[in-house]
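# Fold and geometry: a report
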Amino acid sequence: MLQVNLKNPMEVQVTGMNALKEALGPIGAVRFIQMYSPGYGDYTKERQEKPDVDPDEAIARIREFKEMKKQGLL
């Protein structure tokens with residue numbers, strides 16, 4: 001077992017993250033941490049406040065972005 005100074009929060013955090021990454025891999029460690037994150041904001045309220053997006057306009061903007069990227073402008 002590792003000797004960790006439990007009075008040093010940074011040391012506990014780093015050791016814990018390393019243990020998670022070793023046991024679960026980087027992606028698994030992130031998913032594990034996300035399970036305990038409460039998130040933030042009010043999804044229902046924000047969803048209702050979201051402006052309507054015209055699908056044709058969205059598609060046109062995506063195509064424009066792809067073309068600019070293709071030409072090396074981005």
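### Regarding the overall build of the protein
- A tally of helices and strands in the protein yields 3 helices and 0 strands.
- Ordered by position from the N terminus, the helices and strands of the protein form the series α-α-α.
- For a compact globule of 74 residues, the expected C-alpha radius of gyration is about 11 Å, and the protein comes in at 22 Å, more than 25% above that figure.
- Per-residue burial over the protein gives 4% buried out of 74 residues.
- Approximately 7400 Å² of the protein is accessible, and the part contributed by carbon and sulfur atoms is 57%.
- Taking the average location of the 11 positive side-chain charges in the protein and that of its 11 negative ones, the two points are 6 Å from each other.

### Things to note about the environment of Phe 32
- Tracing the backbone shows Phe 32 in helix H1 (residues 9-35).
- The partly exposed category is assigned to Phe 32, whose relative accessible area is 33%.
- In this structure the C-alpha to C-alpha distance between Phe 32 and Lys 66, which are 34 residues apart in sequence, comes to 35 Å.
- What Phe 32 contacts, discounting residues up to four positions off in sequence, is Leu 20 and Leu 24.

### Regarding a nonpolar patch on the surface
- A contiguous nonpolar surface patch, about 610 Å² in accessible area, is contributed by Met 17, Leu 24, Phe 32, Ile 33, Met 35 and Tyr 36.
- Among the secondary structure elements, Met 17 is positioned in helix H1.
- By relative accessible area, which is 30% here, Met 17 ends up partly exposed.

### A short note on H1
- Across its 27 residues, H1 extends only 21 Å between first and last C-alpha, which sits more than 12% below the 39 Å expected from 1.5 Å per residue.
- Taken together, the buried positions of H1 are occupied by Leu 20, Gly 25 and Ala 29.

### Some words on the environment of Ile 33
- Within the fold, Ile 33 resides in helix H1.
- The partly exposed category is assigned to Ile 33, whose relative accessible area is 38%.
- Beyond its immediate sequence surroundings of up to four residues, Ile 33 is in contact with Met 17 and Leu 20.

### Thoughts on helix H3 (residues 55-70)
- In this model H3 runs 22 Å from its N-terminal to its C-terminal C-alpha over 16 residues, within 8% of the 22 Å that 1.5 Å per residue would give.
- Gly 72 occupies a position one or two residues after H3 and carries a positive phi of about 80°.

### Topic: the confidence of the model for the protein
- Within the protein, residue pLDDT values average 89, and 100% of them lie at 70 or more.
- Predicted confidence in the protein is weakest over helix H2 (residues 43-49), with a mean pLDDT of 81, and strongest over H1, with 94.

Definitions and cut-offs
- Residues numbered from 1 in each chain as written.
- Predicted model: local features only at pLDDT ≥ 70, side-chain atom pairs only at ≥ 80, totals over all residues.
- Heavy atoms only, no water.
- Helix = DSSP H or I, 4+ residues; strand = E, 2+ residues; numbered from the N terminus.
- Rg over C-alpha atoms; globule rule 2.2 N^0.38 Å.
- Buried < 20%, exposed > 50% of the residue type's maximum accessible area, 1.4 Å probe, protein only.
- Areas by Shrake-Rupley, 256 points an atom, 1.4 Å probe, with all protein chains shown as cover.
- Lys, Arg positive; Asp, Glu negative; His and termini not counted.
- Charge placed at Lys NZ, Arg CZ, Asp CG, Glu CD.
- Contact = heavy atoms within 4.5 Å.
- Patch = residues over 30% accessible without salt bridge, like charges linked within 9 Å, V, L, I, M, F, W, Y side chains within 5 Å.
- Salt bridge = Lys/Arg side-chain N within 4 Å of Asp/Glu carboxyl O.
- Expected span 1.5 Å × (residues − 1).
- pLDDT = per-residue confidence, 0-100.

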